[in-house]
Amino acid sequence: MRACSGLGRAASFAFSTGEGVGSGGKPPRRAWGKSLSPLERVRRMLPPEKAAEVGQCAAAPQALSEEKAAASPAVAASQPGAFRAGELVLAEMKRKYNRTLKLMCRLVAGSVLTSNGGLLPHRDIIGQMPGQMLRTSAGMRLQVRRPSLEEYVLLMPRGPTIAYPKDISAILTMTDIHLGDTVLEAGSGSGAMTLFLSKAVGPKGRVISYEIRDDHHSLAKKNYRHWCAAWKIGHTEEWPDNVNFILKDISTAAMDMKLLTLDAVVLDMVNPESALPVVQPSLKQGGVCAVYLANITQVIELLDRIRTSRLPFLCEKIIEVTHRDWLVLPAKIKNFKSNQVVETQENIEETLQKEYEENDIQDQVDLTESEYNELLSDDTETHCSVPYVARPSSWQDAHSAFLIKLRKFGPLHA
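Residues numbered from 1 in each chain as written. Predicted model: local features only at pLDDT ≥ 70, side-chain atom pairs only at ≥ 80, totals over all residues. Heavy atoms only, no water.

K.L.:
Just to check I follow, could you spell out the packing of aromatic side chains for this structure?
P.N.:
Geometry of an aromatic ring pair is reported as the spacing of the ring centres plus the angle between the planes. According to the stated counting rule, one finds five aromatic pairs in the structure shown. Taking 4.9 Å as the distance between ring centres and 40 degrees as the angle between the ring planes, the aromatic pair formed by Tyr152 and Trp227 counts as tilted. Taken together, the residues span a long stretch of sequence, with Tyr152 in helix α5 (residues 149-155) and Trp227 in helix α8 (residues 214-234) at a distance of 75 residues. Judged by relative accessible area, which is 5%, Trp227 ranks as buried. Plain terms: the ring middles of Tyr224 and Phe245 are 5.7 Å apart, the flat faces sit at 65 degrees to each other, and that makes the pair edge-to-face. Here Tyr224, found in helix α8, pairs with Phe245, found in strand β9 (residues 243-247); they are 21 residues apart in sequence, far enough to count as distant. (Phe/Tyr/Trp six-rings, centres within 6.5 Å; stacked < 30°, edge-to-face > 60°. Helix = DSSP H or I, 4+ residues; strand = E, 2+ residues; numbered from the N terminus. Buried < 20%, exposed > 50% of the residue type's maximum accessible area, 1.4 Å probe, protein only.)

Okay, structure coming up:
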């Protein structure tokens, strides 16, 4: 009985794997059909060389699916996620005269975003995706998203006047900072320049920021820390921890400089001529020192000090960065019914049409009837029923600073 049961188990195993032998020496059809996939059946009907090609084709989709599975976590991690508590959020509200009100705050579950357009609880923002349109308690529309670094430095708390992003971009271009560089900054201020330098040098780089005033030193550290904390929550990677804030007068830091080799120097201080003799020995030959000064008399004093002290710096460039905004708006003639402008929005719901009339019509430029007809004349190619008028914005950024590019040169060879 035991032998029979053993044979039965062996026969059952052979049957299930398609290795049993049926009558006439042929494999049972049912076992062969159950054990092989349709692709395997086709492969067995083909010559050996063709069967190998079919096997390669069958393996390719599997390899592709495995590659997708391996890449999917990274792809998912790179996608922007929903807002979470502790993040920074930027809320934008459209106002009159084509102006936008921007509000920045840190999301806290029990807090409320307050504006002239009504209230919006933070719990209504948490869980939403960036770019979402929300309504306040007063019915105004807000768009919520994560602030860029430029927007953060313009809206963050400040003590001294910050270096504006347009000037910071020019300084980064001047100094030609790369990933992994060591950069010295004198004048931490509110931390605007420090944050951009931190981004430019990357995780393997280093930013050394000197500040003489305790309140400015504390504020710069606070703004940097808040940005790093919010970045860590809203992104898969952390912001590089590469800034060393030092509360000290740079003119008394000669001993500190002996241990450093600097790729670039950025001076944002009232009297940069006192810092140049200190930082000059540590700055590599051919390196750039960028100086940020508010008025032209300071520029003259700086250049005169370089000349009289025989410092090894050449002044390559003195620039003032200007920034000009433009308005491009739909026009309407005086006493012209606004519903003709709204008619260009063919598929907008009635509620959105009302908002368009309330918010957008007030931004349009008034034209006389003759000017309007001229814009719609046969000689002018028009692609819509409403002409557009473009002009510089009446709100323009004023002077912010002079930027001086100094390059360190080596001794003259005989």
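What follows continues from the structure just given.
K.L.:
Explain the environment of Val288 here, please?
P.N.:
Take Val288: it is sitting in strand β11 (residues 283-293). Given the relative accessible area of 3%, Val288 is considered buried. Val288 sits 28 residues away from Glu316 along the chain, and the two C-alpha atoms are 9.7 Å apart. Excluding its chain neighbours within four sequence positions, the residues that come into contact with Val288 are Met174, Thr175, Asp263, Ala264, Val265, Leu283, Lys405, Leu406 and Arg407. (Contact = heavy atoms within 4.5 Å.)

K.L.:
Before we go on, may I ask you to explain the environment of Arg135 in this structure?
P.N.:
Tracing the backbone shows Arg135 in strand β5 (residues 132-135). Taking the relative accessible area as the measure of exposure, Arg135 reaches 44% and is therefore partly exposed. Taking the C-alpha atoms as reference points, Arg135 and Gly118, separated by 17 residues in sequence, lie 8.7 Å from one another. A polar contact of 2.8 Å, which involves the side chain of Arg135, links it to the backbone oxygen of Gly139. (Polar contact = N/O pair within 3.5 Å; in protein donor to acceptor, adjacent residues only side chain to side chain.)

K.L.:
Looking at this model, I keep getting lost on the sheet that holds β5. Mind explaining?
P.N.:
The strands making up a sheet associate through hydrogen bonds between their backbones, and the pairing can be parallel or antiparallel. If you walk across this open sheet you meet the four strands as β2-β1-β6-β5, and the pairing is antiparallel. Two strands bound the open sheet, and with one partner strand each, they are β2 (100-106) and β5. On average, each strand axis in the sheet is inclined to that of its neighbour by 30 degrees, with strand direction left out of account. In the sheet, β5 pairs with strand β6 (residues 141-145) via four bridges, with the strands oriented antiparallel. Looking at β6, one finds that Leu134 is bridged to Leu142. (Pairing = 2+ DSSP bridges. Axes fitted to C-alpha atoms, helices over the stretch in contact; angles between N-to-C directions.)

K.L.:
Please explain the pattern of salt bridges as it appears in this structure.
P.N.:
One side chain can pair with another of opposite charge once the charged atoms of both are near each other. All chains considered together, the criterion is met by 13 salt bridges. A salt bridge links Lys284 to Asp263; the nearest nitrogen and oxygen atoms lie 3.2 Å apart. Of this pair, Lys284 sits in strand β11 while Asp263 is found in strand β10 (residues 262-267), placing the two residues 21 residues apart along the sequence. Linking Glu316 and Arg407 is a salt bridge whose minimum nitrogen-to-oxygen distance equals 2.5 Å. Of this pair, Glu316 sits in strand β12 (residues 313-319) while Arg407 sits in strand β16 (residues 402-408); the two residues are 91 residues apart in sequence, bridging distant segments of the chain. Classification of Glu316 as partly exposed rests on a relative accessible area of 40%. Within the structure, one salt-bridge network assembled from shared partners comprises Glu92, Lys102, Arg145 and Glu151. (Salt bridge = Lys/Arg side-chain N within 4 Å of Asp/Glu carboxyl O.)

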